[in-house]
Amino acid sequence: MKHSPIAPDATVLGRELAPLERWLTGPRFAGLPARDAAQPTPLLSFEFFPPRTEALEAQLWTCIRRLEPLRPRFVSVTYGAGGSTQTRTHATVARIVQETSLVPAAHLTCVGADCAAIDEVARRYWDAGVRHVVALRGDVPGGGKYEPHPGGYAYAADLVAGLRRIGDFEISVAAYPETHPEAPDPSFDLDNLKRKLDAGATRAITQFFFDTAVYLRFLDRCMAAGITAPIVPGIMPVSNYAQAVKFSAGCGASVPAWLGHLFAGADEDPELRRMLAAVVAAEQVRLLQANGVDEFHFYTLNRPELVYAIAHILGVRSTSSGAPG
Ligand SMILES: Cc1cc2nc3c(=O)[nH]c(=O)nc-3n(C[C@H](O)[C@H](O)[C@H](O)COP(=O)(O)OP(=O)(O)OC[C@H]3O[C@@H](n4cnc5c(N)ncnc54)[C@H](O)[C@@H]3O)c2cc1C
């Protein structure tokens, strides 16, 4: 019997389908991604935050060591709101340069400093051998209204142009599939993304999202706007639902009802929550991969295990495991 690949709903030409017919003609998964020439191993990048205490430092380095053999394209280190982690971000990035085989990317923001001070930070990175910067506007600490610093870079596009004048950095910028919360409208925000790329950024990394269709529709809009740079999906594996809701409210990402239903009743069961997180994230990356996406950025929250497992599902294997790379 020949099955149509995808039936969008339970009716065909207005005719209600009987259960068996519906099951046999309904959506199909294409199977686990096969590794062949037509489907290259995806490129991954991992994001860390700079640790505040010795215990967190140890946790970060366990995470880095666990993920290092996956040979990510780069690993990035965030910059605390208002530049509050400048020293710790620099120290973490410098240690990655000195002690690992990884390519680090330093996040840098415009908030709370003039251009000369930001240029100085960028020069120190360049002198330390760092060649990749994630250029961001940043947010005001405590969540106040953003006002450009007098004499500072007003927006991320201005920072990208400033970095270009300092050195031949590889520059990544942020993109928002659900529109940045302060943008007057989606097309203004898309024009802003284009300005950042036109100013010299080579890739965008998206804010996290849970609804894959939202991201794919955003890619369509980017392409229609003439953007050709990669818009790498930012994947945040969620094992703490309450925390995900809080993060999402802060950055304008929507939380689908199904995610709440999935995690309902799991608050007191961390083992179950880890399993749910793995299923959700694996499903998400597989759907993206099935749609042709071959580059992923993971918000690790300095915890390696989920990310390691999802990388494995994507076909990315540790170089020390003896498995084909
Ligand atoms: C991958 C990723 C990594 C991040 N890392 C960090 C980090 O390390 N540290 C941190 O503090 N934050 C980080 N953030 C959060 C980011 O700083 C915030 O989302 C911030 O509010 C916007 O930064 P941006 O670079 O996207 O800003 P921009 O691209 O400058 O845009 C900010 C807003 O201003 C609007 N805008 C742009 N230009 C103009 C203009 N000329 N006039 C008026 N409005 C304008 C845009 O439409 C948008 O609404 C990250 C976000 C992402 C997606």
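As the structure is a prediction and not an experimental result, all values here were calculated from the model. (Residues numbered from 1 in each chain as written. Predicted model: local features only at pLDDT ≥ 70, side-chain atom pairs only at ≥ 80, totals over all residues. Heavy atoms only, no water.)

Student: Is there a simple way to think about the confidence of the model for the protein chain in this case?
Tutor: For any part of a model where pLDDT is low, the fine detail of the predicted coordinates should not be relied upon. Of the residues in the protein chain, 90% reach a pLDDT of 70 or more, and the chain-wide mean stands at 90. With pLDDT under 50 throughout, residues 1–8 is counted as low confidence; its partners more than four residues away or in other chains account for 13 contacts. (pLDDT = per-residue confidence, 0-100. Contact = heavy atoms within 4.5 Å.)

Student: How should I be thinking about a nonpolar patch on the surface in this particular structure?
Tutor: Taken together, the side chains of Leu 20, Trp 23 and Leu 24 make up a nonpolar region of the molecular surface, amounting to roughly 340 Å² of accessible area. With respect to the helices and strands, Leu 24 occurs in helix 1 (residues 19–25). Here Leu 24 falls in the partly exposed class, since its relative accessible area comes to 30%. (Patch = residues over 30% accessible without salt bridge, like charges linked within 9 Å, V, L, I, M, F, W, Y side chains within 5 Å. Areas by Shrake-Rupley, 256 points an atom, 1.4 Å probe, with all protein chains shown as cover. Salt bridge = Lys/Arg side-chain N within 4 Å of Asp/Glu carboxyl O. Helix = DSSP H or I, 4+ residues; strand = E, 2+ residues; numbered from the N terminus. Buried < 20%, exposed > 50% of the residue type's maximum accessible area, 1.4 Å probe, protein only.)

Student: What exactly am I supposed to notice about the pairing of strand 4 (residues 74–77) here?
Tutor: Each regular strand displays side chains that alternate between the two surfaces of the sheet. Taking every second residue as pointing to the same face, both faces of strand 4 are buried, with Phe 74 and Ser 76 on one and Val 75 and Val 77 on the other. Pairing analysis gives four bridges linking strand 3 (residues 43–48) to strand 4, with the strands arranged parallel. Across the sheet, the residue bridging to Phe 46 is Val 75, located in strand 4. Tracing the backbone out of strand 3, into helix 2 (residues 54–67) and back to the parallel element strand 4 gives a crossover that is right-handed. Taken together, the three bridges between strand 4 and strand 5 (residues 104–109) define a ladder with parallel strand orientation. The partner of Ser 76 across the bridge, within strand 5, is Ala 105. Running through helix 3 (residues 86–99), the crossover from strand 4 to the neighbouring parallel element strand 5 is right-handed. (Pairing = 2+ DSSP bridges. Right-handed = clockwise from strand over helix to strand, strands pointing away.)

Student: What is the right way to look at the side chain of His 90 in this model?
Tutor: With respect to the secondary-structure elements, His 90 resides in helix 3. The class of His 90 is buried, set by a relative accessible area of 14%. With residues near it in sequence (within four places) discarded, His 90 still touches Arg 124 and Tyr 125.

Student: How should I be thinking about empty space enclosed by the protein in this particular structure?
Tutor: Taken as a whole and assessed by the stated rule, the structure comprises three cavities of 30 Å³ or more. The calculated volume of the largest cavity comes to roughly 50 Å³. Residue lining of the largest cavity: Tyr 176, Pro 177, Glu 178, Thr 179, Gln 207, Phe 208, Phe 209, Cys 251, Gly 252 and Ala 253, and that is the complete set. Of the residues in the lining of the largest cavity, the class split is six nonpolar, three polar and one charged. Counted as a void, the second largest cavity has a volume near 40 Å³. Around the second largest cavity sit Leu 43, Leu 44, Ser 45, Arg 73, Phe 74, Arg 203, Ile 205, Val 232, Glu 295, Phe 296 and His 297, which together line it. Secondary-structure elements contributing two or more residues to the lining of the second largest cavity are strand 3, strand 8 (203–206) and strand 11 (295–299). The residue inventory of the lining of the second largest cavity, partitioned by class, reads six nonpolar, two polar and three charged. (1 Å grid on protein atoms, 1.4 Å probe; cavity = no way out; pocket = protein on both sides within 12 Å on 5 of 7 lines; lining within 4 Å. Points joined across faces, edges and corners; volume = space filled by probe spheres on them. Nonpolar A, V, L, I, M, F, W, Y, C, P; charged D, E, K, R; others polar.)

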